[in-house]
Amino acid sequence: MGKVGGGSAVLWICSALTVAGFNSPMVRAETGVKPLVEEVGTIAPAEAVHRFSGQAGETVTIQLDSQSFDPILSLRNSTQQEIATNDDFGGSLSATIIIKLPATDTYTVVSRSFAGNGGDYRLLVRPATDYEVLYAQAEALTTNQQYPEAISTYTEAINRDPEKIPAYLGRIEAQLTQVSNDPSLRINQPTDIPLAVRQAVIADLEKVASLIEVKGSTEWAASLRQQAEVLRNGNP
């Protein structure tokens, strides 16, 4: 998650989201678009390298999934300068990079595991969907602490695909972080968070709980509903 400022109640909610399953694996939806790279293999204890040709201005999604290890992705240009990297993406243990390519070039994707161990993996490089483009823009806005713009862009992504979980989680983080950084607010318990923000976050928590419950993550769903009740009723 991004940086979260003061406010013990907000910090507790954000921390609880992480512990309760913000980093739980999620099922990747099939997009139906033709991939630029699709590779199934095994990474030895080191790294695997794959290359693809990209056009300037093209937005691509690079996904690395594994049941054997916690994956990390790095994208480098033809001079081997790293231009993007990712570990956990959007509430999952998968690694994903969504990027608008800066130049027509041959790009190198470096796949490795967080702990340095090897195992089976699936790497996919494909054109980004409209949802992914919006989600990546919202993440960048959150990183730059442009919270109102981030919230608006997460909402656009949700409207584009309301069944995808990451944008809801991102919107929750942006709303709580914006509140915690507001010097005019003194937040010592969840009920100190402004009512409109609490109601919005509660709605997102309950929506995510419903979505992940369908995927079989009942413990995470129950924990998120518990966070919603904390926001409704008071101290954790």
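Heads up: the structure comes first, above all this text.
Keep in mind that this is a model prediction, so the values were computed, not measured.

What to know about the packing of aromatic side chains
Right, on to step 1. On inspection of all chains with the given rule, the structure shows three aromatic pairs.
Right, on to step 2. Ring plane angle 15° and centroid distance 6.2 Å describe the contact between Tyr 131 and Tyr 135, whose orientation is recorded as stacked. With Tyr 131 and Tyr 135 both in helix α2 (residues 130–143) and four residues apart, this pair spans about one turn of that helix. Residue Tyr 131 shares its accessibility class with Tyr 135, and that shared class is buried.

Here's the deal with the sheet that holds strand β7 (residues 105–113)
Right, on to step 1. Strands sit in the order β2-β7-β4-β5 across an open sheet of four strands; the sheet is antiparallel. Looking at strand neighbours, the two that pair on one side only are β2 (47–54) and β5 (82–86), the edges of this open sheet. The mean inter-strand angle of the sheet, taken between neighbouring strand axes irrespective of direction, is 20°.
Right, on to step 2. Relative to β7, strand β4 (residues 71–76) is paired through six bridges, and the arrangement is antiparallel. Bridge assignment links Pro 71 to a residue of β7, and that residue is Ser 113.

Topic: the side chain of Arg 126
Right, on to step 1. Structurally, the position occupied by Arg 126 is in strand β8 (residues 119–127).
Right, on to step 2. The exposure class assigned to Arg 126 is buried, which follows from its relative accessible area of 2%.

Overview of helix α5 (residues 195–214)
Right, on to step 1. With 20 residues, α5 extends 29 Å from end C-alpha to end C-alpha; this agrees with the ideal 28 Å at 1.5 Å per step.
Right, on to step 2. When we look at burial in α5, the residues that qualify are Val 197, Arg 198, Val 201, Ile 202, Asp 204, Leu 205, Val 208, Ala 209, Leu 211 and Ile 212.
Right, on to step 3. At the C-terminal side of α5, Gly 216 shows a positive phi close to 100°.

Some words on the environment of Gln 227
Right, on to step 1. Its location among the elements puts Gln 227 in helix α6 (residues 218–233).
Right, on to step 2. Classification of Gln 227 as buried rests on a relative accessible area of 3%.
Right, on to step 3. With 22 residues separating them along the chain, Gln 227 and Leu 205 place their C-alpha atoms 7.6 Å apart.

Remarks on the packing of α5 against α6
Right, on to step 1. Remark: α5 packs on α6, axes separated minimally by 8 Å, with the N-to-C direction vectors making an angle of 165°. Considering their axes alone, α5 and α6 lie roughly antiparallel with respect to each other. Crossing hand, α5 versus α6: left-handed. Within the contact between the two elements, α5 uses Arg 198, Val 201, Ile 202, Leu 205, Glu 206, Val 208, Ala 209, Ser 210, Ile 212 and Glu 213 and α6 uses Thr 218, Trp 220, Ala 221, Leu 224, Arg 225, Gln 227, Ala 228, Leu 231 and Arg 232.

Thoughts on the packing of α2 against helix α3 (residues 147–160)
Right, on to step 1. In the contact formed by α2 and α3, the axes pass within 8 Å of each other and the chain directions differ by 165°. By the criterion of interaxial angle, the relationship of α2 to α3 is roughly antiparallel. Considering how the two elements wind past one another, α2 and α3 form a crossing that is left-handed. For the pair α2 and α3, the contacting residues are Asp 130, Tyr 131, Leu 134, Tyr 135, Gln 137, Ala 138, Glu 139, Leu 141 and Thr 142 in the first and Tyr 147, Glu 149, Ala 150, Thr 153, Tyr 154, Glu 156, Ala 157 and Arg 160 in the second.
Right, on to step 2. By residue class, the composition of the contact of α2 with α3 is nine nonpolar, three polar and five charged.

With respect to the pattern of salt bridges
Right, on to step 1. Under the counting rule described, the total for this entry stands at seven salt bridges.
Right, on to step 2. Glu 132 is the salt-bridge partner of Arg 126, the closest N and O atoms lying 2.5 Å from each other. Comparing Arg 126 with Glu 132 shows no difference in burial state: the two are buried.
Right, on to step 3. Connected via shared salt-bridge partners are Glu 206, Glu 229 and Arg 232.

Some details on the pairing of strand β3 (residues 59–65)
Right, on to step 1. Most of β3 is tucked away: five of the seven residues are buried.
Right, on to step 2. Looking at chain direction, β3 and strand β6 (residues 95–100) are connected through six bridges and run antiparallel. In the sheet register, Leu 64 faces β6, and the bridge partner there is Ala 95.

Quick look at the pairing of β4
Right, on to step 1. Judged by how many residues are buried, β4 sits mostly within the fold: five of six residues are covered.
Right, on to step 2. As paired elements, β4 and β5 share four bridges and run antiparallel to each other. The residue bridging Arg 76 from the neighbouring strand is Glu 82, located in β5.
Right, on to step 3. Between β4 and the antiparallel strand that follows it, β5, lie five residues; Gln 80 among them carries a positive phi value of about 70°.

Parameters and conventions
Residues numbered from 1 in each chain as written. Predicted model: local features only at pLDDT ≥ 70, side-chain atom pairs only at ≥ 80, totals over all residues. Heavy atoms only, no water. Phe/Tyr/Trp six-rings, centres within 6.5 Å; stacked < 30°, edge-to-face > 60°. Helix = DSSP H or I, 4+ residues; strand = E, 2+ residues; numbered from the N terminus. Buried < 20%, exposed > 50% of the residue type's maximum accessible area, 1.4 Å probe, protein only. Pairing = 2+ DSSP bridges. Axes fitted to C-alpha atoms, helices over the stretch in contact; angles between N-to-C directions. Expected span 1.5 Å × (residues − 1). Parallel < 35°, antiparallel > 145°, perpendicular 65-115°, else oblique. Left-handed = near helix turned anticlockwise from the far one by under 90°. Contact = heavy atoms within 4.5 Å. Nonpolar A, V, L, I, M, F, W, Y, C, P; charged D, E, K, R; others polar. Salt bridge = Lys/Arg side-chain N within 4 Å of Asp/Glu carboxyl O.

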